[in-house]
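One letter stands for each residue in the lines below.
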Amino acid sequence: MEKLIDNPTIPNSSYSSMIDLLSHKARVHPEKVVYTFLYNDNKDEINITYQELHTCAKQIAGYLQHLGLEGQRALLMYPSGIDYIKAFLGCIYANVIPVPVYPPGLSRNMLRLKAIMDDAATNIILTTTHLHSKISFHFSDELSNMNLKWIPIDDISHDYRDQWSQPKVDKESLAFLQYTSGSTSSPKGVMVTHGNILHNEAMIKTACQHNEDTVMLGWLPMYHDMGLIGNILQPLYLGAKCVFMSPMDFLQKPFRWLSAISKYKATISGGPNFAYDLCLKKITDEQKRQLDLSTWEVAFNGAEPVRYETIQKFAQAFKDCGFKLNQFFPCYGMAEATLFITGNEKLTKPVSKGFCKESLLENKAIERPLNSEDSVKLVGCGMTWLDQKVEIVNTDSLTTCASNEIGEIWIKGNSIAKGYFGREQETNYAFNNTVKDTNENGFLRTGDLGFFHEGQLFVTGRLKDVIVMRGKNHYPQDIELTVEKADQAIISGASAAFSVDINGEEKLIIVAEIERKYRPRPHKERELKGYLDNVLRNIRQQVMEEHEVQPYAIYLLKTSSIPKTSSGKIQRHACKKAYLNNGLEVWHN
């Protein structure tokens, strides 16, 4: 049953768990469709109502309780679809901790999957009968010693719904593990509680001014926090509806996304910046004439840097379809904060400002005219909402930054997760930090750099060296390892991967030292050129195969020329600066 409101500043804070939430919505809106999944080029759809979803969750939960799995972790291995949602909520109803992952399609995904299973200490996998038979052969060698327990949810008897017993969970109870999309060698499971979800959904609702009539439409992966929290659980929180398709359907044909917004009169949809760029490149003028985007009130743009050029070009390209610039909703978030951290006001024109390029490099934000030659165009990511606090902190002194000083973004509030599963040291570093000049504790260190200007948060970069391209995070050390394995001429521990902005798009740059014997020599110029050309081809091919990203440029450098710390660590920012200033000692490219 619903509890009395315990925090009047947060709408719907009466729910004590996600079980309370869905149970209540099923009673209030039993016949209302909550999810519509599109397939077959958006020609066909699968629907599920609130009551049907509640019943399916009880059925799956009853079986999981029958197996005695309460409190254990279980991987959810499904393609995007309603089955994924059923399994997630079935775990929630059984107090089994769901771990969303993506079904392995290629052998390179197995290392990350095994790392997650080891970290989560589980051998339980929820899936479907069809998918089990399709992908189980991938596990024959790599995971043969893990005694895997497969649970196809479509095989569960209806009788188990009557055997379900509601577990004792509350806002402090662990709801699921969200694994960060980082290094394949060391993924971390963010411990998200029921209270974290409810608080974050309340912030999203308030910022976007959502209600029961909101129509969401999405294609984002469900194993990613933006897809799960933003697209799947927000309509559930509202008592609203979500129409969604698979990520591959969008990537293959971006028109499907915008045509679905037009057809279903969606009021909110979005994705990373690259999604809008893809629409600009792929959608034809003839296709635009079929679109009506006037109902699209919140076009959220997050998960990677929001580009000034992109939002301006998109608004111009689709203005005849009814789209206006003020429909853009720049936002900022991360898994450690459940998802949403800051966002713009609904139907308010995005705040775009120019800042002195040189000053930004020195951690100072000095405003310049937007189109001046020495300015960098930045888009604000909005403000914080409800009772959540965001501070900009000096990374050396751990004190509050001055108004125009760039520092690390720290966050405090009820959306902040409980830490990383089984990782005490990493949790102690990232969570529950104290701002020394105010002595206020409980802050999450985001690892991101930014500043506030006229009430807007501007994100300028990352303390971490994560490379974000096409909405996906790439850890440079993973790419560098691939580079070093590409050819024997490359020196181990002497390569760097970083991204640069080329005409408004992030591009991957790779630099690598090669053995001294391959240095340019006049009497061997033709022979060496042929060999080093082959080294470049090997690097490019391996990086594309392993990381699904195309290098923009690759440079083979002089031995011992890459900047390193005194302890021998690669200084990637120094490498990037040398590249931008034409300061690399290049032997071949």
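In case you missed it, the structure is sitting above this.
The structure presented is a predicted model; accordingly, all values stated were derived computationally and were not measured.

Remark: helix α2 (residues 50–66) packs on helix α3 (residues 82–94), axes separated minimally by 7 Å, with the N-to-C direction vectors making an angle of 60 degrees. The angle between α2 and α3 falls in the class oblique. In this structure, the crossing between α2 and α3 has a hand that is right-handed. Residues L53, H54, C56, A57, K58, I60, A61, L64 and Q65 of α2 form the contact with α3, whose own contacting residues are I85, K86, A87, L89, G90, C91, Y93 and A94.

It is worth spelling out the nonpolar core at this point. Ranked by internal contacts, the top residues of the largest apolar core, which has 125 residues, are Y35, L126, L236, W257, L258, W296 and F318. At 10 residues, the largest contribution of residues to this core is made by α3. Leaving out residues up to four positions away in the same chain, L126 has contacts with L64, A74, L75, L76, M77, Y78, A87, C91, I151 and I153. I479, V483, I490 and I510 belong to the second largest nonpolar core, which has 23 residues in total.

Glancing now at the pattern of salt bridges. As enumerated under the stated definition, the model contains 22 salt bridges in all. Linking E426 and R423 is a salt bridge whose minimum nitrogen-to-oxygen distance equals 3.0 Å. R423 gets classed as buried once you look at its relative accessible area, which sits at 15%. The partner of D533 in a salt bridge is K529, and the shortest N-O contact between them spans 3.0 Å. Taken together, the residues span about one helical turn, with D533 and K529 both in helix α17 (residues 525–547) at a distance of 4 residues. Residue class for K529 comes out partly exposed when judged on its relative accessible area of 45%.

With that out of the way, let us pick up the sheet that holds strand β3 (residues 73–77). With parallel pairing, the 4 strands of this open sheet are ordered in space as β4-β3-β5-β6. Bordering the open sheet on either side are β4 (97–101) and β6 (149–152), each of which pairs with just one other strand. Shown here is a sheet whose adjacent strand axes are inclined to one another by a mean of 30 degrees, direction ignored. Note that strand β5 (residues 124–127) and β6 share 4 bridges and pair parallel. Paired with I124 across the bridge in β6 is K149.

This paragraph deals with unusual backbone geometry. Phi is positive for L347, which is not a glycine, with a value near 55 degrees. Of note, L347 is situated in the loop between β14 (340–343) and β15 (352–356). Looking at L347, the relative accessible area reads 42%, which means it is partly exposed. Of note, E548 is a non-glycine position whose phi angle comes to about 55 degrees, a positive value. You can see E548 is positioned in the loop between α17 and β27 (551–557). For E548, a relative accessible area of 54% corresponds to the exposed category.

Here is what the cut-offs are and how they apply
- Residues numbered from 1 in each chain as written.
- Predicted model: local features only at pLDDT ≥ 70, side-chain atom pairs only at ≥ 80, totals over all residues.
- Heavy atoms only, no water.
- Axes fitted to C-alpha atoms, helices over the stretch in contact; angles between N-to-C directions.
- Helix = DSSP H or I, 4+ residues; strand = E, 2+ residues; numbered from the N terminus.
- Parallel < 35°, antiparallel > 145°, perpendicular 65-115°, else oblique.
- Left-handed = near helix turned anticlockwise from the far one by under 90°.
- Contact = heavy atoms within 4.5 Å.
- Core = buried A, V, L, I, M, F, W, Y, C linked by side-chain atoms within 4.5 Å.
- Buried < 20%, exposed > 50% of the residue type's maximum accessible area, 1.4 Å probe, protein only.
- Salt bridge = Lys/Arg side-chain N within 4 Å of Asp/Glu carboxyl O.
- Pairing = 2+ DSSP bridges.

That's the geometry; what it means functionally is another story.
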